[in-house]
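Remarks on the overall topology
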Amino acid sequence: MDDARRLVKLPILMFAAALLVRLTLMVALRTYHIDPAQDHFLFAHETGRLARSLASGQGFSSPFHGLTGPTAFQAPLFPYLLAGVFRLFGIYTDSSAFVILALNSLFSALTCLTVFDIGERIFGRTVANLAGWTWAFLPTAVIFSVRRVELVPLLALLLSSILLVSLHLEQSSRRRSWLFFGLLCGLCALCNPVVIAVLPFLWGWLWYRRRGQGARSAALVGICALAFLACVAPWVARNYLVFHRFIPFRANFGLELHVGNNAEAFGAPVSTLHPAYNAAELEDYRRLGEVAYMAEKKREALQYIRQHLGSFARLTLLRIAYWWSSNWQIRGTGRGAEWAAAGIWFGFALENFLALLGLILALRSGKKEAMPFAMLLIFYPLLYYVVFYQLRYRHPLEPALVLLGVYALQRIFSREPAEAPASVGAARTAG
């Protein structure tokens, strides 16, 4: 029995179980079979189109239907990854779908390890074990890995890795570690630039924490920032050379703002206003070019917001409510679908409540290492509150939510007093 308990606590076993569950479900549901409808557009949508263009030698271009020229519609990391798979296993083939979904499953399973290590460093071994196993079987983590091609499993891994490395840097003055941290932040931004809303606060927090310990950090934070800029500079330079203007990461903000704020808006994107689903919009996009088209969509969105401030405020509150309560669409009607929707809503509400409770308990008990969780939960969703909501957008936050929720449950059901806060780095050094 003791050997079994020790085995269950091994992080590598969590990783293996998580990967096995995801790959088994992928094969059982045959999610790697590509739907040929709309010239395979349902496979990875715009990401698939960009990957096809890259794999066929046409460069980073044509995110919708037909040849529409160079684009900065998406950040480059995941499209290039998918393009590499296309080059090796074929464009829009079942083999490519199998490989990219297997990679997504791998990214999601690896997140077990970052969840475990973060939990051990901040909350102790018990929370680390429970959180790691929770992530291994968390329904959303499994579904987003195998249901369709998504960048969110990779983004969840990168974002949780940033949190993990930041814990190490509180006690480290090694320049190589700070250089690596800056590069990791740059990769995360090239996966999804929304993370930039969090990074300045996280860097400032590290500087503040180290300053309180008497450590000089300005130069180290500068190294981190330079590494970040070096990582993203090639993409920024490419955009400037192609479009003759400064486009740091993505050019699609105007369109996103427009499809989320209009007379038909309801919190989620209005797909009928999107070039991928509206032939007239696609023709405008092709005729004007991406930069001019996005500027026009931004102008229309801002005009609507100025003329309908009350509607914009209502939509923003609705998007916030959706973000923290879920708006999972259940197929079908009847009592069964109603019960399923209610169950999913309750599950997300419980996850959010426990995470908030865990954050409060952690900060009240002096675990200041948990402050980056608060930064993540506050600043990461801000852009989505303004544009539109989709459930997959909040998935990268779920490693943090799982850790905080498990910590809250541990505090509720544990009869032992909370552990006194300790310096993780100092404790490990002393050990």
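Owing to the predicted nature of the structure, the values given are computational and were not obtained by experimental measurement.

**Digging into the state of the cysteines**
For the coordinates displayed, the defined rule picks out zero disulfides. In this structure Cys185 is a free cysteine whose sulfur lies 5.1 Å from that of Cys224, the closest cysteine sulfur available. In this structure Cys185 comes out as buried when scored by relative accessible area, which is 0%. Cys231 carries a free sulfur, and the closest cysteine sulfur to it, the one in Cys185, is 9.5 Å from it.

**Thoughts on the layout of surface pockets**
The calculated volume of the second largest pocket comes to roughly 390 Å³. Around the second largest pocket, the lining is made up of 19 residues, and of these Leu138, Pro139, Gly347, Glu351 and Glu398 lie nearest the centre. If you list the elements that add at least two residues to the lining of the second largest pocket, you get helix H8 (139-146), helix H17 (335-364) and helix H20 (398-413). Take the lining of the second largest pocket: its biggest share by element is seven residues, from H17. A per-class count over the lining of the second largest pocket returns twelve nonpolar, five polar and two charged.

**Remarks on the environment of Leu113**
Residue placement: Leu113 occurs in helix H6 (residues 94-122). Through-space distance from the C-alpha of Leu113 to that of Ala17 is 12 Å; in sequence the pair is 96 residues apart. Ignoring sequence-local partners within four residues, the contact set of Leu113 consists of Pro11, Ile12 and Phe15.

**Topic: the packing of aromatic side chains**
Within the structure shown, the criterion is met by 24 aromatic pairs. Taken together, a centroid distance of 6.1 Å and an interplanar angle of 10 degrees make the contact between Trp133 and Phe137 stacked. Of this pair, Trp133 and Phe137 are both found in helix H7 (residues 125-137), four residues apart, which corresponds to roughly one turn of the helix. Plain terms: the ring middles of Trp323 and Tyr384 are 5.3 Å apart, the flat faces sit at 20 degrees to each other, and that makes the pair stacked. Placement of the pair is Trp323 in helix H16 (residues 309-325) and Tyr384 in helix H19 (residues 382-386), with a sequence separation of 61 residues. An identical accessibility class is assigned to Trp323 and Tyr384; each is buried. Feature note: the residues Tyr322, Trp323, Trp324, Tyr380, Tyr384, Tyr385, Phe388, Tyr389 and Tyr393 constitute an aromatic cluster, connected by ring pairs.

**Regarding the packing of H7 against H20**
Between H7 and H20, whose axes approach to 9 Å, the crossing angle comes to 130 degrees. Regarding the angle of H7 to H20, the classification is oblique. By crossing handedness, the relation of H7 to H20 is classed as right-handed. Residues Thr126, Val127, Leu130, Ala131, Thr134 and Trp135 of H7 form the contact with H20, whose participating residues are Glu398, Pro399, Val402, Leu403, Val406, Tyr407 and Gln410. A per-class count over the contact of H7 with H20 returns nine nonpolar, three polar and one charged.

**Quick word on the confidence of the model for the chain**
Per-residue confidence for the chain gives a mean pLDDT of 91; residues scoring 70 or more make up 90%. Per-element confidence in the chain ranges from a low mean pLDDT of 38 for helix H21 (residues 424-430) to a high of 98 for helix H5 (residues 77-89). Across residues 420-431 the pLDDT falls below 50, and counting only partners more than four positions away or on other chains, this stretch makes twelve contacts in the model.

Parameters and conventions
- Residues numbered from 1 in each chain as written.
- Predicted model: local features only at pLDDT ≥ 70, side-chain atom pairs only at ≥ 80, totals over all residues.
- Heavy atoms only, no water.
- Disulfide = S-S within 2.5 Å.
- Buried < 20%, exposed > 50% of the residue type's maximum accessible area, 1.4 Å probe, protein only.
- 1 Å grid on protein atoms, 1.4 Å probe; cavity = no way out; pocket = protein on both sides within 12 Å on 5 of 7 lines; lining within 4 Å.
- Points joined across faces, edges and corners; volume = space filled by probe spheres on them.
- Helix = DSSP H or I, 4+ residues; strand = E, 2+ residues; numbered from the N terminus.
- Nonpolar A, V, L, I, M, F, W, Y, C, P; charged D, E, K, R; others polar.
- Contact = heavy atoms within 4.5 Å.
- Phe/Tyr/Trp six-rings, centres within 6.5 Å; stacked < 30°, edge-to-face > 60°.
- Axes fitted to C-alpha atoms, helices over the stretch in contact; angles between N-to-C directions.
- Parallel < 35°, antiparallel > 145°, perpendicular 65-115°, else oblique.
- Left-handed = near helix turned anticlockwise from the far one by under 90°.
- pLDDT = per-residue confidence, 0-100.

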